[in-house]
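Chains, contacts and geometry: an overview
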Amino acid sequence: MLKVLSESGNFVKDEVWQALIDVISNASDLHGYTVRSLHRVFQASVEQECLVLVAVWCMGEYGEMLVYNVGMLDIEEPMTVTESHNSSYGFDCSLKAFMLFPILFRGDKGYNYPL
């Protein structure tokens, strides 16, 4: 499903990426794999807004699985997540607000990520 979303570019209706979030949230055995896959896609390209939205949501919900490589499948290689800032992304204000929410949400729960 992630492949279909990445191939479709910015021609995805809101209902589609929101449905993908529902599918991801209901597949608890794949949360770690999904968040790591989306993190790789996010690092490679931030041009597809709907893919960025899904990636940011997953990183907000399952960030600890990303940072600590929790729930790894046998086919995965461990990854190290580091902090990076790039102001050239050019996100609009609504996307920036969407991206800040997981930070505030996780900060409120006392998570201390080594970023």
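Note that the coordinates shown come from a computational prediction; the quantities given were computed from them, not determined experimentally. (Residues numbered from 1 in each chain as written. Predicted model: local features only at pLDDT ≥ 70, side-chain atom pairs only at ≥ 80, totals over all residues. Heavy atoms only, no water.)

**Some details on the packing of helix α3 (residues 31-44) against helix α4 (residues 49-67)**
Remark: α3 packs on α4, axes separated minimally by 8 Å, with the N-to-C direction vectors making an angle of 130 degrees. The angle between α3 and α4 falls in the class oblique. Where α3 crosses over α4, the two elements pack in a sense that is left-handed. Residues His31, Gly32, Thr34, Val35, Arg36, Leu38, His39, Val41 and Phe42 of α3 pack against Leu51, Val52, Val54, Ala55, Val56, Cys58, Met59, Tyr62, Met65 and Leu66 of α4. Grouping the amino acids of the contact of α3 with α4 by side-chain chemistry returns 14 nonpolar, 4 polar and 1 charged. (Axes fitted to C-alpha atoms, helices over the stretch in contact; angles between N-to-C directions. Helix = DSSP H or I, 4+ residues; strand = E, 2+ residues; numbered from the N terminus. Parallel < 35°, antiparallel > 145°, perpendicular 65-115°, else oblique. Left-handed = near helix turned anticlockwise from the far one by under 90°. Contact = heavy atoms within 4.5 Å. Nonpolar A, V, L, I, M, F, W, Y, C, P; charged D, E, K, R; others polar.)

**A short note on unusual backbone geometry**
Residues other than glycine seldom take positive phi values, yet Asn69 does so here, at roughly 55 degrees. The residue Asn69 is located in the loop between α4 and α5 (93-108) in this model.

**Comments concerning the confidence of the model for the chain**
Summary statistics for the chain give a mean pLDDT of 78 and a share of 70% for residues scoring 70 or more. The least confident element of the chain is α5, whose mean pLDDT is 63; the most confident is helix α2 (residues 14-26), at 92. (pLDDT = per-residue confidence, 0-100.)

**Some details on the packing of aromatic side chains**
Using the criterion set out here, one finds 1 aromatic pair in the structure. For the pair Trp57 and Tyr62, a centre-to-centre distance of 5.7 Å together with 85 degrees between the ring planes defines the contact as edge-to-face. (Phe/Tyr/Trp six-rings, centres within 6.5 Å; stacked < 30°, edge-to-face > 60°.)

**Quick notes on the nonpolar core**
Soluble, globular proteins show a tendency: their nonpolar side chains are buried together. Ranked by internal contacts, the top residues of the largest apolar core, which has 25 residues, are Ile24, Val54 and Cys58. Secondary structure elements with two or more residues in this core: α2, α3 and α4. The leading source of residues in this core is α4, at 13 residues. (Core = buried A, V, L, I, M, F, W, Y, C linked by side-chain atoms within 4.5 Å. Buried < 20%, exposed > 50% of the residue type's maximum accessible area, 1.4 Å probe, protein only.)

**Topic: the pattern of salt bridges**
Counted according to the given criterion, the structure contains 2 salt bridges. In this structure, Lys3 engages Glu7 in a salt bridge whose closest nitrogen and oxygen atoms are separated by 3.5 Å. You can see Lys3 and its partner Glu7 sitting in helix α1 (residues 2-8), 4 residues apart, about one turn around the helix. For Lys3, a relative accessible area of 59% gives the class exposed. Ionic pairing is found between Glu76 and Arg36, a salt bridge with its closest N-O pair at 2.7 Å. Of this pair, Glu76 sits in the loop between α4 and α5 while Arg36 sits in helix α3, and the two are 40 residues apart along the sequence. Take Glu76 and Arg36: they sit in the same class, and that class is buried. (Salt bridge = Lys/Arg side-chain N within 4 Å of Asp/Glu carboxyl O.)

**A short note on the packing of α2 against α4**
Relative to each other, α2 and α4 sit at 30 degrees, their axes nearing to 10 Å. Relative to α4, the element α2 is oriented roughly parallel. For the element pair α2 and α4, the recorded crossing hand is right-handed. Along its contact with α2, which presents Trp17, Leu20, Ile21, Ile24 and Ser25, the element α4 presents Cys50, Leu53, Val54, Trp57, Cys58 and Tyr62. Taken together, the residues that form the contact of α2 with α4 break down as 10 nonpolar, 1 polar and no charged.

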